[in-house]
Amino acid sequence: MKVLMLGGTPRLKGGVDEFCKRSMAAFAELTDHEIERIPTESAYLNLGRMPKYLNGLWKLLLRSRKNPDVVWLQYVSLADLPHLVLAKVLGMTVMVTPHLGKNWRSQNNKFLRGISRRLLELADGIAPISRTQELEIAFPRHVPHSYLRNFLPRSIFSVVPPPVEQAPPVMQLIHSGRLSVGKGTFLFDDVCDQLKKQGIRFQARITGGADEATYAALGAKIREYALEEEVSVLGRVSDAELLDLLLKTDFLVHLSKID
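Just so you know, these numbers come straight off a predicted model, no measurement behind them.

(A) Looking closely at the overall build of the chain. When you go through the chain residue by residue, the secondary structure sums to nine helices and nine strands. Based on the C-alpha atoms only, the size of the chain along its principal axes is roughly 60 × 40 × 35 Å. When the 259 residues of the chain are sorted by exposure, 39% land in the buried category. Here the contacts in the chain between residues at least 6 apart in sequence split such that 71% fall between residues at least 24 apart. In the structure as shown, the chain presents an accessible area of about 14,500 Å², 56% of it carried by carbon and sulfur atoms. Across the chain, the centroid of the 34 positively charged side chains sits 6 Å from that of the 28 negatively charged ones.

(B) Highlighting the sheet that holds strand E3 (residues 70-75). Pairing in this open sheet of five strands is parallel, and the strands run E2-E1-E3-E4-E5 from one edge to the other. Two strands close off the open sheet at either side, each with one partner strand: strand E2 (34-38) and strand E5 (125-126). Two strands pair when backbone bridges link them, and E3 and strand E4 (residues 94-98) are joined in this way by five bridges, in the parallel orientation. If you follow Gln74 over to E4, its bridge partner there is Thr97.

(C) Seen up close, the packing of helix H7 (residues 185-197) against helix H8 (residues 212-224). Relative orientation of the contacting elements H7 and H8 amounts to 10°, with a least axis distance of 10 Å. The angle between H7 and H8 places the two elements in the roughly parallel class. Of the residues in H8, those touching H7 at Thr185, Phe186, Asp189 and Asp190 are Thr214, Ala217, Leu218, Lys221 and Ile222.

(D) How the structure looks around the sheet that holds strand E7 (residues 202-207). Spatially, four strands are ordered E8-E7-E6-E9 in an open sheet, and the strand pairing comes out parallel. Each edge of the open sheet carries a strand with a single partner, namely strand E8 (231-235) and strand E9 (251-252). Contacting E7 and E8, H8 runs over the sheet at an angle of about 170° to E8. Across the sheet, helix H9 (residues 239-247) lies against strand E6 (171-176), E7 and E8, angled at about 145° from E6, the strand it touches most.

(E) Region of interest: the packing of aromatic side chains. The full count for this structure, using the stated rule, is two aromatic pairs. Seen in terms of ring centroids, Phe19 and Trp72 are 5.9 Å apart; in terms of plane orientation they differ by 75°. Their pairing is edge-to-face. Placement of the pair is Phe19 in helix H1 (residues 15-30) and Trp72 in strand E3, with a sequence separation of 53 residues. Phe19 gets classed as buried once you look at its relative accessible area, which sits at 3%.

(F) Geometry of the nonpolar core. Among the nonpolar cores identified, the biggest contains 20 residues, and Leu6, Leu73, Leu84, Val94 and Val96 are the most heavily contacted of them. Taken together, the elements giving at least two residues each to this core come down to strand E1 (2-6), E3, helix H3 (81-89) and E4. Not counting residues within four places of it along the chain, the set of residues in contact with Leu6 comprises Ile38, Thr40, Leu60, Val71, Trp72, Leu73, Gln74 and His83. Counting residues in each nonpolar core, the second largest holds 14 residues, with Leu173, Ile206, Leu218 and Val231 among its members.

Calculation criteria
- Residues numbered from 1 in each chain as written.
- Predicted model: local features only at pLDDT ≥ 70, side-chain atom pairs only at ≥ 80, totals over all residues.
- Heavy atoms only, no water.
- Helix = DSSP H or I, 4+ residues; strand = E, 2+ residues; numbered from the N terminus.
- Buried < 20%, exposed > 50% of the residue type's maximum accessible area, 1.4 Å probe, protein only.
- Contact = heavy atoms within 4.5 Å.
- Areas by Shrake-Rupley, 256 points an atom, 1.4 Å probe, with all protein chains shown as cover.
- Lys, Arg positive; Asp, Glu negative; His and termini not counted.
- Charge placed at Lys NZ, Arg CZ, Asp CG, Glu CD.
- Pairing = 2+ DSSP bridges.
- Axes fitted to C-alpha atoms, helices over the stretch in contact; angles between N-to-C directions.
- Parallel < 35°, antiparallel > 145°, perpendicular 65-115°, else oblique.
- Phe/Tyr/Trp six-rings, centres within 6.5 Å; stacked < 30°, edge-to-face > 60°.
- Core = buried A, V, L, I, M, F, W, Y, C linked by side-chain atoms within 4.5 Å.

Now the structure itself:
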């Protein structure tokens, strides 16, 4: 079977991009299906990024000649759904996996929610990554549903946890993701501030990519709370580095407002 995956914005190195890479790796290792990917470049779409976005649609048009058995669209924002429309116009079978929830603009705005639902009616199947999405997203009921699990890197199964006696002397916290207000990054600072005020000793790390303005605002808030000794901002780290940090961490704190 030939699978054409559509989705992700590689320049942002976010969760959807990782989902695409890991699912493709799983296909290659565990099946004999062919899979290739075209990024949709739909994240934070504006006029300056429009050429890459339109190039993705053009690539989809060209790939139609190879006649893939199924197109697997990763739906993050309304900007991804024109790919669904084009694929159906070209006569392709399309499965859609949503990567959003009720707090995303396309769902909490009544007008956009209606458009989303109408366009999803074109899909041949919907494959959510969480059953709770059924409660949050306007899915057309007549479109068949099947459920996926998220994909983990193969390396995680060969990890050996460090001995208990090597555990750090103070509580270890970590916040990891695409750093932003929506992902709860600044709420993590609030948690650290409350812990310090209560006299609880801890060490906290923040990993993930962000723009310069977000890094600057994050640094300012850490200084405002006088958390320079307790909180370290490491920026984006590799999968191997993140896994090593997680093995040494007591709590992963994820206070996202949009997930």
